[in-house]
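# Structural features, examined
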Amino acid sequence: MKFDFGTGEVAEGYTKVTSTTGYSEEQGYGFDYESEVLSVNRGGRDALRSDFITSYAPFFFSVKVPEGNYRVTVTFGDQQGTSRTTVKAESRRLMAKQIDTNTDAFITKSFLVNVYHPEIEGGGKVQLKDRELDKLDWDHKLTLEFSNHSPKITSIEIERAEQATTVYLAGNSTVTNQQNEPWASWGQMLPVFFKPDRVAISNQGSSGLTLKEFQSSNRLKNVLSHMKEGDYLFIQFAHNDQKEGWTHVEPFKGYQDQLRIFINEARKWGATPVLVTSMHRRRFDEQGQVVNTLGDYPEAMRQLAQEEELALIDLHTMSEVMYEALGVEGTRDLFVHYSAGTFPGQVNALNDNTHFSNYGAYQLSKCIVEGIKTQLPELAEELVDSLPDFNPAIPDSITQFDIPRTPIFDNRKPRGN
């Protein structure tokens, strides 16, 4: 699937896309979700680069595709001007943080996008929650979002990437791809840290889930239906498993037993299970020290990792270091703390000490990357080149952080706390 954007001559072998090309099921591609875009034609003999699509607001382009991993290749630039573009896929998965081009200079960048459907191969269906029914992750399209100061897209190519390694993420609201601003999780930031050709992230976490619910809603079944030798399964639960109810499990018994189910199933397929301890909630004592609200669950996971000889990414410990470095007030930036009126239709202030802002999710994702470097050397080889080491005690300054917001807002906090 090859698309040439703009009103100029269409390049051979490409499908022409102009500002009036809206998405339809029959056509199977086009601009989506009420995107308003402009076609610009600079003229010249280069059919692919003489014209482009741009917009003054974030815009979406969708293509109807089967399940699987896809290599998406995008060319950015403008013969007569500069451009700056950020790319997200599906439910706000970060693919390219900031692509800058100079006048009459073009950059072509590739990345892998995992597309999954609720229908499970071999029978059955993932039991989606009400808020997931309109989630971009679960529709039958591959959707790209382009934003930043001056996004300029000349072409897109989409091809299957069947040999790519898939990193599956199983978790709750602190892991899942949060579709609505201002909420975010580390799982949706992770794709940007990997090289473009080898690793795809399949984040199938969901808000409010426990280990038992991940199974009962057929999500583990769905993951296993696609898993192959050489893949990875990252597992992070605890926030909801500790709560009372039919899915409650005790740390050193039921919790470890449930984790073993995930571990053993991944191993059956030749995949590598990876345990991730849950990050702290934002709670401090009078001395400014982080209060552990997760009880013995992180320690139970540490002990299980040692017993099963598994890689462990200790996000619980790293988040404590980060929170105490930023302090009581500084950690507000990591979480969803916004005054009323920050977002369209937001009447009340948002004060959530469990769920993260884009900035906080990005910092936690950097912690995950550090864990990959130390615990998973083969997977670490697939991280982008020259990725600097990250010290949780010295997080990035929020004043230098720039990920444009997606124009989808919901003031309801995700399930789970």
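This text gives an overview of the structure that appears in the document. (Residues numbered from 1 in each chain as written. Predicted model: local features only at pLDDT ≥ 70, side-chain atom pairs only at ≥ 80, totals over all residues. Heavy atoms only, no water.)

### Comments concerning the pattern of salt bridges
- For the structure shown, the criterion picks out 28 salt bridges.
- One salt bridge connects K152 with D78, and the closest N-O pair in it is separated by 2.7 Å. Within this pair, whereas K152 is found in strand β12 (residues 152-160), its partner D78 is found in strand β7 (residues 68-78), the two being separated by 74 residues in sequence. Note on accessibility: K152 and D78 belong to one class, buried.
- Close ionic contact of R302 with E299 constitutes a salt bridge, the shortest N to O distance being 3.2 Å. (Salt bridge = Lys/Arg side-chain N within 4 Å of Asp/Glu carboxyl O. Helix = DSSP H or I, 4+ residues; strand = E, 2+ residues; numbered from the N terminus. Buried < 20%, exposed > 50% of the residue type's maximum accessible area, 1.4 Å probe, protein only.)

### Focus: the side chain of D231
- Tracing the backbone shows D231 in the loop between α3 (219-224) and β15 (232-236).
- Only 2.9 Å separates the side chain of D231 from the backbone nitrogen of T166, close enough to count as a polar contact.
- Those residues in contact with D231, other than ones at most four positions away along the chain, are A164, T165, T166, Y168, H226, A271 and T272. (Polar contact = N/O pair within 3.5 Å; in protein donor to acceptor, adjacent residues only side chain to side chain. Contact = heavy atoms within 4.5 Å.)

### Considerations on empty space enclosed by the protein
- Under the counting rule described, the total for this entry stands at one cavity of 30 Å³ or more.
- Estimates place the volume of the largest cavity at around 110 Å³.
- Lining the largest cavity are 13 residues, with F111, P191, F194, K195 and P196 positioned closest to its centre.
- Mapped onto the lining of the largest cavity, the elements with two or more residues apiece are β10 (105-115) and β14 (199-203).
- Sorting elements by how many residues they give to the lining of the largest cavity places β10 first, with four residues.
- Looking at the lining of the largest cavity residue by residue, the classes come out as 10 nonpolar, one polar and two charged. (1 Å grid on protein atoms, 1.4 Å probe; cavity = no way out; pocket = protein on both sides within 12 Å on 5 of 7 lines; lining within 4 Å. Points joined across faces, edges and corners; volume = space filled by probe spheres on them. Nonpolar A, V, L, I, M, F, W, Y, C, P; charged D, E, K, R; others polar.)

### Comments concerning the layout of surface pockets
- Each pocket or cavity is described by its volume, and for the largest pocket that value is around 380 Å³.
- In terms of residue class, the lining of the largest pocket is built from three nonpolar, seven polar and 10 charged.

### Observations regarding the pairing of strand β5 (residues 51-54)
- Judged by which residues are buried, β5 turns out to be covered on both faces: D51 and I53 on one side and F52 and T54 on the other are all buried.
- By the bridge criterion, two bridges tie β5 to β12 in an arrangement that is antiparallel. Across the sheet, residue T54 finds its bridge partner in β12, namely K152. (Pairing = 2+ DSSP bridges.)

### Points about unusual backbone geometry
- In this structure, P182 follows E181 across a cis peptide bond, with omega equal to 0 degrees.
- Summarising the element assignment, P182 is placed in the loop between β13 (165-171) and α1 (186-189).
- Of note in this structure, R92 is not a glycine but carries a positive phi near 60 degrees.
- Here R92 shows up in the loop between β8 (83-89) and β9 (93-101).
- Note on R92: relative accessible area 4%, which makes it buried.
- The backbone phi angle of E309 is positive, close to 55 degrees, even though this residue is not glycine.
- Looking at the secondary structure, you find E309 in the loop between α5 (297-308) and β17 (311-313).

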